[in-house]
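In case you want the letters, here they are:
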Amino acid sequence: MKTYQIDEKGYYGPYGGAYVPEILYRCVSELQEAYLGILESRTFREEYHRLLCDYAGRPSPLYRARRLGERYGCTLYLKREDLNHTGAHKINNTLGQILLAQRMGKRRIIAETGAGQHGVATAAVCALMDMPCVVYMGQTDMERQLPNVRKMEMLGAEVVPVTSGNMTLKDATSEAIRDWCCHPSDTFYIIGSTVGPHPYPDLVARLQSVISEEIRRQIAEKEGRDWPDCLIACVGGGSNAAGTIYHYVNDPRVRILLAEAGGMGTDSGMSAATILLGRRGIIHGAHTLVMQDEDGQIEEPYSISAGLDYPGIGPIHAWLAEEGRATVLSVDDDEALRAASELTRLEGIIPALESAHALGVLAKTDFRPSDVVVLTVSGRGDKDMATYIKYMERMREAASGAC
Ligand SMILES: *Cc1c(COP(=O)(O)O)cnc(C)c1O
């Protein structure tokens, strides 16, 4: 049978690998050698499971969205990662990585963050485990996401503003890697998505695979069979998507639909649709698709959602798309905003802007009435209220102009 899991060398087809500077070589190989043994050990599994349940609030519900499903002519379930502690799926990953860091004897935690969700989830587990935490965040993002900056500070993290490049996620990631290079022996870098050098893409996918493990159990209870016809998720770096599809990736009965951020449109020059627009290259230690110009300069991505504007993509998704295993759709800003307000009005759930991109897939897909569809709502919309308020004002003005 064809398998889409990672190979022994850390590749998905041609994508992945570990392209790191000499100075990091040792700590990356240590991590490669240690992570599977630790993740599979009984003490790790027990402690991780207990924290997922009692601290993060898992299992997250699988909610039958009747009204939204009716509109799109299918049986639709929402996997409610928005109900997790700290508001998104990120906590699944940070809990696992901090337990790994402890077992590897590391004493200091660093992380990068874009919208601040990964930063908050990292700061929370560092408070929990009493470990010092430094979070790198682009200056532009700090201004856009001030409440998350304040949360990280309240949780005891040091937030370091990054002023290079566009001052967003890509620059924060580069800065975190620079820090890691200076402190390779005592520092553990908690990466926020299925990106970075091997083993991070696999490590993060495994930690997020609790999502599809639960889907399997929950869908069996509700539908009497343990697989859906279709899975839908948004991709920034690809961690909530990797977790959603993990146990189904080799199951040909299950269609996989992924949403990337189209921004103002994929031919507008203002987009983050990396799988569509990217070419092969290396970013942050992995060989993957990268948005770049003729000369290989990384292009600045744009999306209304700060969690999706990354110019690379997790190597697993580059491979699934190239192989035709996953269908990747780009959902632009306005389509995502429309989908967010549709979910809010039909189901009483305000999603994160990132998750709204996954919801935008519904309007672009034909379903059979018998289809059982599971869509992951990766996070909640609290952090995006300023954007939603502006959108509602724009809609009101357009409506009054029309009269
Ligand atoms: C960070 C984030 C994303 C994007 O990250 P992935 O690694 O692609 O999952 C999506 N949704 C929410 C709510 C996020 O916070």
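Above this text is the structure in question.
Source: prediction; values computed, not measured. (Residues numbered from 1 in each chain as written. Predicted model: local features only at pLDDT ≥ 70, side-chain atom pairs only at ≥ 80, totals over all residues. Heavy atoms only, no water.)

**Digging into the environment of Gly-307**
Stated formally: Runs of E in the DSSP output that reach at least two residues are strands. Runs of H or I that reach at least four are helices, and both are numbered from the N terminus. Working rule for contacts: check all heavy atoms of both residues, and any pair within 4.5 Å makes them a contact.
Relative to the assigned elements, Gly-307 resides in the loop between strand 12 (286-290) and helix 13 (315-322). On a C-alpha basis, the gap between Gly-307 and Phe-44 in space is 29 Å, while along the polypeptide they are 263 residues apart. Residues contacting Gly-307, with those up to four places away along its chain left out, are Ala-115, Gly-236 and Glu-354.

**As for the site of the ligand**
Inclusion rule: A molecule or strand has a residue near it when one of that residue's heavy atoms lies within 4 Å. N or O atoms within 3.5 Å of each other form a polar contact, as long as, within protein, one can give a hydrogen and the other can take it, and as long as residues adjacent in sequence are counted only when both atoms are side-chain atoms. Areas reported as accessible are Shrake-Rupley estimates using a 1.4 Å probe. Residue values count occlusion only from the protein chains shown. Using a 1 Å grid laid over the protein atoms alone, points where a 1.4 Å probe fits but cannot get out form a cavity; open sets with protein on both sides within 12 Å along at least 5 of 7 lines form a pocket; any residue with an atom within 4 Å of a point counts as lining. Pocket or cavity membership: a molecule qualifies when more than half of its atoms sit within 2 Å of the grid points of that site. Residues are grouped as follows: nonpolar covers Ala, Val, Leu, Ile, Met, Phe, Trp, Tyr, Cys and Pro; charged covers Asp, Glu, Lys and Arg; every other residue, Gly included, is treated as polar.
Close to the ligand lie 17 residues, the nearest being Lys-90, Ser-193, Gly-236, Ser-239 and Ser-378. Between an oxygen atom of the ligand and a main-chain N or O atom of Gly-238, the distance comes to 2.7 Å. Between the ligand and Ser-239 there is a distance of 2.7 Å, counted from an oxygen atom to a side-chain nitrogen or oxygen. Coverage of the ligand by the protein chains reaches 96% of its 380 Å² of free accessible surface. When atoms are counted within 2 Å of each cavity's grid points, the one that captures over half of the ligand is the largest cavity. Here the shell around the ligand is built from residues that sort into 4 nonpolar, 11 polar and 2 charged.

**Here's the deal with the layout of surface pockets**
This is how it is decided: Grid points are joined across faces, edges and corners, and a volume is the space filled by probe spheres set on the points.
Here the largest pocket is characterised by a volume of approximately 550 Å³. Around the largest pocket sit 25 residues that line it, and Arg-144, Gln-145, Lys-383, Asp-384 and Met-385 are the ones nearest its centre. For the lining of the largest pocket, the elements supplying multiple residues, two or more each, are helix 5 (117-129), helix 6 (139-144), helix 7 (146-154), helix 15 (353-360) and helix 16 (385-402). The element that contributes the greatest number of residues to the lining of the largest pocket is helix 16, accounting for 4 residues. Lining the second largest pocket are 19 residues, and of these Arg-45, Tyr-48, Arg-206, Ser-209 and Glu-213 lie nearest its centre. Elements that contribute at least two residues to the lining of the second largest pocket include exactly helix 1 (25-40), helix 2 (42-54), helix 9 (200-208) and helix 10 (210-223).

**Brief notes about the pattern of salt bridges**
Side chains bearing opposite charge may pair, as long as their charged atoms lie close to each other. Just so we agree on the cut-off: Salt bridges are defined as contacts in which a side-chain nitrogen from Lys or Arg sits within 4 Å of a carboxyl oxygen from Asp or Glu. Relative accessibility under 20% of the residue-type maximum defines a buried residue, over 50% an exposed one, and the middle range a partly exposed one, all with a 1.4 Å probe and only protein chains included.
In the structure shown here, the tally under the stated rule is 26 salt bridges. Notably, a salt bridge pairs Glu-40 with Arg-206, separated by 3.9 Å at the nearest N-O pair. Note that Glu-40 is positioned in helix 1 and Arg-206 in helix 9, a separation of 166 residues in sequence. For Arg-206, a relative accessible area of 27% gives the class partly exposed.

**A short note on helix 2**
Note the cut-off: Multiplying 1.5 Å by the residue count of a helix minus one yields the expected span of that helix. As used here, the arc belongs to the directions running from the helix axis to the C-beta atoms.
Under the 1.5 Å per step criterion, the end-to-end length of helix 2 is 18 Å for 13 residues, consistent within 8% with the ideal 18 Å. Buried residues of helix 2: Phe-44, Tyr-48, Leu-51 and Leu-52, and no others. For helix 2, the angular spread of buried residues about the axis comes to 100°, placing them on one side. Away from the buried face of helix 2 by more than 90 degrees, exposed residues Arg-42, Thr-43, His-49 and Asp-54 are located. Packed against the buried residues of helix 2 are helix 1, helix 4 (90-103), helix 5, helix 9 and helix 10.

**Section: the packing of aromatic side chains**
Aromatic ring pairs are defined here through the distance separating the ring centres and the angle between the ring planes. Filter applied, for reference: Between rings of Phe, Tyr and Trp, where Trp is taken as its six-membered ring, a pair exists when centres lie within 6.5 Å; planes separated by under 30 degrees are stacked, by over 60 edge-to-face, and by other angles tilted. A ring is considered to have a charge above it if a Lys NZ or an Arg CZ atom is located within 6 Å of its centre and within 35 degrees of its normal.
Tallied over the entire structure, the rule returns 4 aromatic pairs. Where Trp-180 meets Tyr-189, the ring centres are 5.6 Å apart and the plane angle is 65°; that geometry is what we call edge-to-face. In this structure Trp-180 comes out as buried when scored by relative accessible area, which is 3%. On the accessibility criterion, Tyr-189 (1% relative accessible area) is buried. Through a chain of ring-to-ring contacts, three or more aromatic side chains come together here, namely Trp-180, Tyr-189 and Tyr-200. Between the NZ or CZ atom of Arg-253 and the centre of the ring of Trp-227, over which it lies, the distance is 3.8 Å.

**A look at unusual backbone geometry**
At the junction of Arg-58 and Pro-59, the peptide bond is cis and its omega measures out at 0° in the coordinates. The topology assignment puts Pro-59 in the loop between helix 2 and strand 3 (62-64). That bond from His-198 to Pro-199 is cis: its omega, 15°, falls within 30 degrees of zero. Here Pro-199 shows up in the loop between strand 8 (187-189) and helix 9.

**A word on the environment of His-89**
Of note, His-89 is situated in the loop between strand 4 (75-80) and helix 4. Between the C-alpha atom of His-89 and that of Ser-378, which follows or precedes it by 289 residues, the distance is 5.7 Å. Setting aside residues no more than four positions away along its own chain, His-89 makes contact with Glu-81, Asn-84, Gln-208, Ile-211, Ser-239, Asn-240 and Ser-378.

**Points about the side chain of Asp-171**
Within the secondary structure layout, Asp-171 lies in helix 8 (residues 169-182). Of note is the side chain of Asp-171, whose polar atom sits 2.9 Å from the backbone nitrogen of Met-167. Here Lys-170 takes part through its side chain, which lies 2.9 Å from a polar atom of the side chain of Asp-171. Apart from the residues within four sequence positions on either side, Asp-171 is in contact with Val-162, Ser-164, Gly-165 and Asn-166.

**Details of the packing of helix 4 against helix 9**
Helices that pack against each other are described as a pair by the angle of their axes relative to one another and the distance between those axes. The line we're drawing: An axis is simply a line fitted to the C-alpha atoms; with a helix, the fit covers only the stretch in contact. Between two such axes, the angle follows the N-to-C directions and lies from 0 to 180 degrees. Should the near helix be turned anticlockwise from the far one by less than a right angle, the crossing is termed left-handed; should it be turned clockwise, right-handed.
Where helix 4 meets helix 9, the closest approach of the two axes is 8 Å, and the angle between their N-to-C directions is 115°. In this structure, helix 4 meets helix 9 at a crossing whose hand is right-handed. Residue-level contacts link Lys-90, Asn-92, Asn-93, Gly-96, Gln-97 and Leu-100 of helix 4 to Tyr-200, Leu-203, Val-204, Leu-207 and Gln-208 of helix 9. Here the contact of helix 4 with helix 9 is built from residues that sort into 5 nonpolar, 5 polar and 1 charged.

**Focus on the side chain of Lys-170**
Along the chain, the position of Lys-170 falls in helix 8. Lys-170 gets classed as buried once you look at its relative accessible area, which sits at 12%. A polar contact of 3.4 Å, which involves the side chain of Lys-170, links it to the side chain of Glu-300.

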